[in-house]
Amino acid sequence: MVSAVFHSPLEAALPAARIDERTNERATMSTVSASALAKGASAIGDVGEPVKAVATPAAAAPVVVRPARDVSFLWLALLPPLLGIGLLVLVWELVSMGTGASIPSPKDTFIQAVDIFSDPFYSKGPNDQGVGWNVLSSLQRVAMGFGLAAVVGIPLGFMIGRFTFLSRMFNPLISLLRPVSPLAWLPIGLLVFKGANPAAIWTIFICSIWPMIINTAVGVQRVPQDYMNVARVLNLSEWKIVTKILFPAVLPYMLTGVRLAVGTAWLVIVAAEMLTGGVGIGFWVWDEWNNLNVKNIIIAIFVIGIVGLLLEFALIKLATAFTFEEVKN
């Protein structure tokens, strides 16, 4: 026998009503207490007794703690280069004093540099032009020779890396010709092109092409085989394989080859211009040596180094912009 206990609706609703009544009562008391505290007067509670306002101390103003400035970057980024430059100047000054001023001091060279760069683009004939025109002429030759090397070397690197037959065909030739000094190709350029300017461009071309071919071919050969298997399953054409799969994967290697090629080209153009003459930073160095102007030779050395540093920095930024995150790390 199952028994059931029934409650009337009033009994069920009574606890809820009492809970609501107590909640309202607490809310009313909180409101009255807050009002009494704000006005600083007494309030009347539910039992009829006066409630005195409690005086609270004024809140203290928040103390803002500013973090200490981190100046460690000064020690890591600025101080070491400044110390290195200072050491170079000190050694330079000691060498100048030890050679009886046959090598100009840093102060004399700086005064001469200020005079030279006050008018870097003057022109007083084909053999007497400012340092600005000489640098621009050298950069123009480097750009032409380097551009031709990129047009030939990068596609050739793709083909050598893509096809095993071509790789075995060209590897002995590259291994044989790459160690040859670039200046050894200069007489061949003079013999073939019958001119100093195209011979210098030819020398830049032949020394810039090897890093591009080798790095591009290595990048193609290191493409994951899974990518090529997917291309084979999708029956992609060779053009799509190159443009959609190989080129994005090989781009970091290719840009590394470009950076190495530009550095080599800028080194070679100075020596090539010393031998061929004309307008250029290399010819300017040789001409100043013939005039026994050592100050200008030292200035030319710094100009060559700064221009090479700027080219290197620009290509590093370019390579970083087009390199995947996993390759950067």
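In the block above lies the structure referred to throughout.
This text gives an overview of the structure that appears in the document. Note that the structure is predicted; figures quoted are calculated from it, not measured.

### With respect to the packing of helix α4 (residues 131–162) against helix α7 (residues 196–221)
Helix packing for two helices is described by the angle between their axes and how far apart those axes are.
No. 1: One can describe the packing of α4 onto α7 by two numbers: an axis separation of 6 Å at closest approach and a directional angle of 30°. Taken together, α4 and α7 sit at an angle that is classed as roughly parallel. In this structure, α4 meets α7 at a crossing whose hand is right-handed.

### Digging into the side chain of threonine 109
No. 1: Inspection of the secondary structure assignment puts threonine 109 in helix α3 (residues 106–117).
No. 2: Threonine 109 gets classed as buried once you look at its relative accessible area, which sits at 4%.
No. 3: In this structure threonine 109 touches Trp92, Pro104, Lys295, Ile298 and Ile299, once residues within four positions along its chain are discounted.

### Notes on the pattern of salt bridges
No. 1: Inspection of every chain in the model, using the stated rule, returns three salt bridges.
No. 2: One salt bridge connects glutamate 312 with arginine 259, and the closest N-O pair in it is separated by 2.9 Å. Of this pair, glutamate 312 sits in helix α11 (residues 294–321) while arginine 259 sits in helix α9 (residues 238–276), and the two are 53 residues apart along the sequence.
No. 3: Glutamate 312 gets classed as partly exposed once you look at its relative accessible area, which sits at 29%.
No. 4: Residue class for arginine 259 comes out partly exposed when judged on its relative accessible area of 23%.

### What to know about the packing of helix α8 (residues 225–233) against α9
No. 1: In contact at an axis separation of 11 Å, α8 and α9 are set at 150° when each is read in the N-to-C sense. Relative to α9, the element α8 is oriented roughly antiparallel. Two packed elements cross with a definite hand, and for α8 against α9 that hand is right-handed. Only Ile241, Ile245 and Leu246 of α9 make contact with α8, whose side of the interface consists of Tyr227, Met228 and Ala231.
No. 2: Split by residue class, the contact of α8 with α9 holds six nonpolar, no polar and no charged.

### What about the layout of surface pockets?
Left-over empty space is what a probe sized like a water molecule reveals as it rolls over the atoms.
No. 1: Here the largest pocket defines a volume of roughly 340 Å³.
No. 2: Ala113, Phe117, Ile299, Phe302 and Ile306 are the residues nearest the centre of the largest pocket, which is lined by 16 residues in total.
No. 3: Every element with two or more residues in the lining of the largest pocket is listed here: α2 (72–98), α3, α4 and α11.
No. 4: A class-by-class count of the residues in the lining of the largest pocket yields 14 nonpolar, two polar and no charged.

### Structural notes on the environment of methionine 274
No. 1: By the secondary structure assignment, methionine 274 is in helix α9.
No. 2: The partly exposed category is assigned to methionine 274, whose relative accessible area is 29%.
No. 3: Along the primary structure methionine 274 and tryptophan 284 are separated by ten residues, whereas in three dimensions their C-alpha atoms are 8.1 Å apart.
No. 4: If we ignore the near neighbours within four places in the chain, the residues touching methionine 274 are Gly282, Phe283, Val285 and Trp286.

Parameters and conventions
Residues numbered from 1 in each chain as written. Predicted model: local features only at pLDDT ≥ 70, side-chain atom pairs only at ≥ 80, totals over all residues. Heavy atoms only, no water. Axes fitted to C-alpha atoms, helices over the stretch in contact; angles between N-to-C directions. Helix = DSSP H or I, 4+ residues; strand = E, 2+ residues; numbered from the N terminus. Parallel < 35°, antiparallel > 145°, perpendicular 65-115°, else oblique. Left-handed = near helix turned anticlockwise from the far one by under 90°. Buried < 20%, exposed > 50% of the residue type's maximum accessible area, 1.4 Å probe, protein only. Contact = heavy atoms within 4.5 Å. Salt bridge = Lys/Arg side-chain N within 4 Å of Asp/Glu carboxyl O. Nonpolar A, V, L, I, M, F, W, Y, C, P; charged D, E, K, R; others polar. 1 Å grid on protein atoms, 1.4 Å probe; cavity = no way out; pocket = protein on both sides within 12 Å on 5 of 7 lines; lining within 4 Å. Points joined across faces, edges and corners; volume = space filled by probe spheres on them.

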